[in-house]
Amino acid sequence: MKKYTHLFAGIAIIAASGMITPAFGQTSGSSAGLFKKVGAAGGQFLKIPVGARATGMAGAFSAVSDDLTAIYWNPSGLANLQGINANLSYNNWFAGFTHNFAAVSVPISENYVVALNIVSFSTGNIEKTTVENEGQNGTGEFYSVNDFAIGGTFAGKVTEQFAFGVNAKYVKNGFSNVRSDGFVFDAGTSYEMGVQGIKLGFSIHNFGGDQQFGGEDLNVTTSTTGAQEQVSTPFALPLSFRAGISGNVLEGDEVNDLIVALDFETLSDTPEQYALGAEYTWNDLFSVRGGYRLGHDEINLAGGVGVKYESTGFGGQVDYSIQPTKSLGIVNRISLGFTLK
């Protein structure tokens, strides 16, 4: 019973985060709380999850975070990476949109790691419509949405149990002939309790100033002077905070691993969300994953599989996840990971 005391304590911390943060959000505006501020933030592609392994666990990954996708979930997780790592992830988002992630990391000393990463979101061509044609027929002209974020990450271990990570990224939002850009930051910490593989993770994401669209499509002519001016309002990016706990239920078993994880997430423009996920791995080779997310209006259930290969000096992993939505079809993801030691 004693070895589970740390697990119960960690769950209590996450539960406390879930109860305290909404109350804080009602006064500071940092959480959607009761106000349902959907649409209050731009750059929504920054909220789309990264990596088939993590999404197969419904996003209960901020405390697990032991691969390159930790850049999205909790950048402190990079501190545990060995050798040179690369990850490519493809996401077949609904309505024909695509969302992709690529990253590479390199150790710069025994305790510190640096990484470069890029996230892109694209819609392809969309035909323009106008009020005059009442949306029934297109104008024959097309536009597209092309958003991306390029970042650099620095992570390290302060002690054998405590790690930190910071990700600075340049974010560009663009559609048609208008665009906005700016810099934001992610930061995270993780703590390994040393019992039953239990880890705690805490992180904050997209912290930075407002952005504002500009471009020729925003030019309007004033009725009084005839001069042209741009009409645009500054907007915030979706600020979020995550807290998570994970543990290996079968730690010590040489063949079987079972990781169970719980995450809490509060966002600046949507209600709070909880995620519960699990990953079973046989012989460090084949994995099966599942999870459930509470508080999301479209995506709840998730599942996935993965295959891992290890040899002297090289490692590879292929992961796949599936997430059915309530009204928008099925979201499929695939990730490829490589390690050179």
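Values in this document were obtained by computation on a predicted structure and should not be read as measured data.

Each value, and the rule that gives it
Residues numbered from 1 in each chain as written. Predicted model: local features only at pLDDT ≥ 70, side-chain atom pairs only at ≥ 80, totals over all residues. Heavy atoms only, no water. Helix = DSSP H or I, 4+ residues; strand = E, 2+ residues; numbered from the N terminus. Buried < 20%, exposed > 50% of the residue type's maximum accessible area, 1.4 Å probe, protein only. Contact = heavy atoms within 4.5 Å. Areas by Shrake-Rupley, 256 points an atom, 1.4 Å probe, with all protein chains shown as cover. Phe/Tyr/Trp six-rings, centres within 6.5 Å; stacked < 30°, edge-to-face > 60°. Salt bridge = Lys/Arg side-chain N within 4 Å of Asp/Glu carboxyl O. Core = buried A, V, L, I, M, F, W, Y, C linked by side-chain atoms within 4.5 Å. pLDDT = per-residue confidence, 0-100. Polar contact = N/O pair within 3.5 Å; in protein donor to acceptor, adjacent residues only side chain to side chain. Pairing = 2+ DSSP bridges.

In this section: the overall build of the protein. Helices and strands together make up the secondary structure of the protein, namely 3 helices and 19 strands. Looking at the 341 residues of the protein, the share that counts as buried comes to 44%. Restricting the contact set of the protein to residue pairs at least 6 apart, pairs at least 24 apart contribute 54%. Of the roughly 16500 Å² of accessible surface on the protein, 62% is carried by carbon and sulfur atoms.

Attention now goes to the packing of aromatic side chains. For the structure on display, the rule yields 10 aromatic pairs. Relative to Trp73, the ring of Phe61 lies with its centre 6.3 Å away and its plane at 70 degrees, an arrangement referred to as edge-to-face. With Phe61 in the loop between helix 2 (52–56) and helix 3 (70–73) and Trp73 in helix 3, the pair connects residues that are 12 residues apart, well separated along the chain. For Phe61, a relative accessible area of 0% gives the class buried. Between Phe154 and Phe164 the ring centres are 5.9 Å apart and the planes differ by 55 degrees, which places this aromatic pair in the tilted class.

So, about the pattern of salt bridges. The final tally for this structure, using the stated rule, is 13 salt bridges. Taking the shortest distance from any N to any O, the salt bridge between Asp181 and Arg179 comes out at 2.8 Å. Assessed through its relative accessible area of 35%, Asp181 is described here as partly exposed. For Arg179, a relative accessible area of 38% puts it in the partly exposed group. Residue Lys308 pairs with Glu310 through a salt bridge whose shortest N-O separation is 3.9 Å. A relative accessible area of 38% places Glu310 in the partly exposed class. Salt bridges here are not isolated pairs; linked through shared partners, they connect Arg53, Asp66, Asp67, Glu279, Arg289 and Asp319.

This next bit is on the nonpolar core. Of all hydrophobic cores here, the largest spans 38 residues; its most connected members are Phe45, Leu68, Ile71, Leu78, Trp93, Phe121 and Val171. Sorting the residues of this core by element identifies helix 3, strand 2 (98–107), strand 3 (112–122), strand 6 (146–157), strand 7 (162–175) and strand 14 (256–267) as the ones contributing at least two each. Of the residues forming this core, the biggest block, 4 residues, is contributed by helix 3. Sequence-distant contacts of Phe121, defined by excluding residues within four places in its chain, comprise Phe45, Ile48, Trp93, Phe97, Thr98, His99, Val145, Asn146 and Asp147.

On to the confidence of the model for the protein. Looking at the protein, the pLDDT average stands at 85 and 83% of residues meet or exceed 70. Across the protein, the element-wise mean pLDDT spans from 43 in helix 1 (residues 5–28) up to 97 in helix 3. Every residue in residues 1–10 scores below 50 in pLDDT, and together they form 11 contacts with partners more than four places removed in sequence or on other chains. Of the regions scoring below 50 in pLDDT, residues 12–33 engages in 40 contacts with residues more than four places distant in sequence or in other chains.

Moving on, we get to the side chain of Thr339. If you trace the backbone, Thr339 turns up in strand 19 (residues 330–340). Since its relative accessible area comes to 15%, Thr339 is described here as buried. Within the structure, Thr339 has its side chain in polar contact with the side chain of Asn85 (distance 2.8 Å). When near neighbours in sequence (up to four residues on either side) are disregarded, Thr339 contacts Gln82, Ile84, Asn85, Gly313, Phe314 and Gly315.

As defined by bridge partners, strand 17 (residues 301–311) adjoins strand 18 (residues 314–324) across 9 bridges and the pair is classed as antiparallel. Bridging from a neighbouring strand, Gly304 pairs with Ser321 of strand 18. Linking strand 17 to strand 18, which pair antiparallel, is a turn of 2 residues; within it Gly313 sits at a positive phi near 85 degrees. With 11 bridges connecting them, strand 18 and strand 19 associate as antiparallel partners. Each residue of the ladder has a partner; that of Phe314, found in strand 19, is Leu340. Linking strand 18 back to strand 19 in an antiparallel pair, the connection comprises 5 residues, with Gly329 at a positive phi of about 95 degrees.

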